[in-house]
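Coordinates in review
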Amino acid sequence: MKIVRHQGKHPLMLIFLIMAVSVPVSAYQWPVKDPIVLSGFGKEVKGEFETGIWIEGSDAEVRSAAAGNIVFYHQHKLENTEISSELKSFLVVEHERGILSVYGNLDRLFVTGGAVSEGEMIGTLEQDSSGLVSPLYFQVLDYEFNRYVNPLFSLPVLPEKNPPVIETILLVRGDRSLRPGREQQLEAGRWKIYIASRDAHQFEVYLNGEEKTRIALETIEATDNHLLLARIGNIRAEELFDRSGYHHLGEFQFSPGSSTLEIAVSDFTGNEINRSILLRVR
Amino acid sequence: MKKRSLFFFLFTPLFIIYLFLSSYALTPRFAISSRWVDKPSSGTVSAKGVYSVDPWRRSLVKHGERGETLWSRQSGSMITALFVSEKALIIGTLSGNAYIMDSDGKTVSSFLSGGNGNQPVYGAAISNDASRAAIISGSDPQMLILHEKRENRWSLKSEWALPDNVLRETAVDFIYPGALLRIDRDSSILTVDTLSGSFSKYHYDGVYLGTLELPGQLFSIMVVARDDGLLVFFDNKGIAFLELDLKGHPFWLAEEEGEVMIGFEDRQASLVFSSF
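Keep in mind the model is a prediction, meaning the values are calculated, not measured. (Residues numbered from 1 in each chain as written. Chains lettered and ligands numbered in written order. Predicted model: local features only at pLDDT ≥ 70, side-chain atom pairs only at ≥ 80, totals over all residues. Heavy atoms only, no water.)

As for the overall build of chain B
Across its full length, chain B holds one helix and 23 strands. Buried residues in chain B amount to 57% of all 276 residues. Considering only intrachain contacts with a sequence separation of at least 6, the fraction spanning at least 24 residues in chain B is 38%. When the accessible surface of chain B is totalled, it reaches about 12,700 Å², and 52% of it is carbon and sulfur. (Helix = DSSP H or I, 4+ residues; strand = E, 2+ residues; numbered from the N terminus. Buried < 20%, exposed > 50% of the residue type's maximum accessible area, 1.4 Å probe, protein only. Contact = heavy atoms within 4.5 Å. Areas by Shrake-Rupley, 256 points an atom, 1.4 Å probe, with all protein chains shown as cover.)

Rendered as structure tokens:
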């Protein structure tokens, strides 16, 4: 997902008001300048959910997304630790209402304790000799409910010009695997639906106009044994990603006759794409 | 200097140094950008046993002799502290929980530190006989909390407010005969007498790696990795008796079957102390 930061100012109050009511109010500021989201929340990482996002900025400075207090830090290669860290050096800031934000993959830390204000520079990212800057890992955790929250909920919305892409839809039953076009003949029974897509934040499945499931990459609950994508009947990563490269949207009963299967995929900014399939069920 | 030399020639054991092992392949974690070099390995195996915490600090893994996974335990929160002793291990988390586990990964006790607000666990230790556990948690003031096991039940024994805040992972060690705790405090070591509650402070330059008690030795060994790359060994009176240059930045210190194990990013060093 490549999101380009919106920098324009709207002179018309009317436009501003329309935006104010249509866009979620952001509590945080982007921690890097000119942010580009490289990898999204809820993606598969070695069979587990990604619980943060990777953001590329136009310079190496990292600023606190909101006011808070430093509650934990780690300085990569400068500390005695038996705990390895994918986050390299990182900082954890506690904000109001028990929300923690984690800033990882840092090169240098500018603060190791005390209060930080919104927008205060708290560290820098690694920058190579050609000026290329490493991405920031940013995570938001609601520790009261022990849930990772998609940071894009709290950050100012960046317009996404390109809609998500549906690459492949698979209907799977036992050893049978169908790649349907606009119309598909198949036997009655329970079929699993898989989808390969890009830039997806939410998946919806409709059968004859009735919503059958909705999977949104919004919050991930951390239990003692698993990370669970929060939805109706929480889902584990090994269930959602049980077929490499695909999201498993669920198993559905198709009865004899004609049915319309519709799959809608949307990105975080609301861009949506649909695929409608006429099922002729024998 | 004379004092150190005298100590060295009279009492210093013979040091046989083995450098061995192994390169943990640095495999890329993500293939998002070719600029992502220097990705850490998939986990650091401690010489204290064969335990590792995954790079995202969410699970603790016990490995077999060939590196295979024997068991894995997921933590509901980021693991911020880990200590492995002979009979048990303890982990602490960002959300303020501490879990004592046996060598099979079964949680035998758990504590929630702090009251209101988030009170991360910054350091944890468990004694070799698995009868006492120390936890460092919270801030302003940061607390040292001592739990003790009596008649198979863990209970809070004492709490002390520490004189300063260190908001990173902090080394804690029980020292022979177990009544003392040694705590890393950013370029100083705090020794806490858990019987009297008295504190003493010792300053050093570098990174405190830990304190070990070796079988057959009359003193504990404290190791500091100095900024100039030297490893400095101190006895329990704070006297430096050995300086070694093993090249590279060490991350951890452990004792295994009487040997001092020092872990670097890509290798481990083993030191055998033999008395004359």
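Brief notes about the sheet that holds strand β23 (residues 257-266) of chain A
Residue and element names in this part refer to chain A. Across the sheet, which stays open at both edges, the five strands sit in the order β15-β24-β23-β17-β18 with mixed pairing between neighbours. Strand pairing shows two members of the sheet lacking a second neighbour, β15 (183-186) and β18 (210-216), which therefore form its edges. Within the sheet, the average angular offset between the axes of one strand and its neighbour, ignoring direction, is 20°. Pairing of β15 with strand β24 (residues 272-281), which is carried by four bridges, proceeds in the parallel orientation. Bridging across to β24, Leu186 finds its partner in Val281. (Pairing = 2+ DSSP bridges. Axes fitted to C-alpha atoms, helices over the stretch in contact; angles between N-to-C directions.)

Description of the pattern of salt bridges
Residues and elements named next belong to chain A. The tally for this structure, following the rule as stated, stands at 18 salt bridges over all chains. Arg147 is the salt-bridge partner of Glu221, the closest N and O atoms lying 3.6 Å from each other. With Glu221 in strand β19 (residues 219-222) and Arg147 in strand β12 (residues 147-149), this pair connects stretches of sequence that are 74 residues apart. Of the residues examined, Glu221 reaches a relative accessible area of 22% and is grouped as partly exposed. Among the charged side chains, a salt-bridge network with shared partners connects Arg176, Glu187 and Arg282. (Salt bridge = Lys/Arg side-chain N within 4 Å of Asp/Glu carboxyl O.)

As for the pairing of strand β22 (residues 247-254) of chain A
Along a regular strand, successive side chains alternate from one face of the sheet to the other. Residues and elements named next belong to chain A. Here β22 lies mainly inside the structure; six of its eight residues are buried. One ladder, built from seven bridges, connects strand β16 (residues 189-198) with β22; its direction is antiparallel. Looking at the pairing, Gly189 lines up with Phe254 of β22.

Description of the side chain of Lys62 of chain B
Residues and elements named next belong to chain B. By the secondary structure assignment, Lys62 is in strand β3 (residues 59-63). Put simply, Lys62 is tucked away with no salt bridge, and the nearest opposite charge, on Asp104, sits 5.7 Å away. Setting aside residues up to four positions removed in sequence, Lys62 forms contacts with Val50, Tyr51, Glu68, Thr69, Leu70, Trp71 and Ser103. (Lys, Arg positive; Asp, Glu negative; His and termini not counted.)

Considerations on the sheet that holds β16 of chain A
Residues and elements named next belong to chain A. On the basis of which strands lie adjacent, the open sheet formed by four strands has the order β14-β13-β16-β22 and antiparallel pairing. Each having just a single partner strand, β14 (176-178) and β22 make up the two edges of the open sheet. Across this sheet, the average inter-strand angle for adjacent strands is 25°, counted without regard to direction.

Some details on the packing of aromatic side chains
Inspection of the entire model under this criterion finds 12 aromatic pairs over all chains. Summarising the aromatic geometry, the rings of Phe72 of chain A and Tyr122 of chain B are spaced 5.8 Å apart at their centres and angled 15° between planes, so their arrangement reads as stacked. Here Phe72 of chain A, found in strand β6 (residues 68-74), pairs with Tyr122 of chain B, found in strand β9 (residues 121-126), and the two come from separate chains. Side by side, Phe72 of chain A and Tyr122 of chain B carry an identical accessibility label, which is buried. Consider the rings of Tyr204 of chain B and Tyr208 of chain B, whose centres lie 6.5 Å apart with planes at 45°: the pair is tilted. The buried category is assigned to Tyr204 of chain B, whose relative accessible area is 6%. Overall, Tyr208 of chain B belongs to the buried group, its relative accessible area being 0%. An aromatic cluster of three or more residues is present, and its members are Phe72 and Phe90 of chain A together with Tyr122 of chain B. Taking NZ or CZ as reference, Arg243 of chain A lies 5.4 Å from the ring centre of Tyr194 of chain A, over its face. Directly above the aromatic system of Tyr246 of chain A lies the positively charged group of Arg243 of chain A, at a separation of 6.0 Å from the ring centroid. (Phe/Tyr/Trp six-rings, centres within 6.5 Å; stacked < 30°, edge-to-face > 60°. Lys NZ or Arg CZ within 6 Å of the ring centre and 35° of its normal.)

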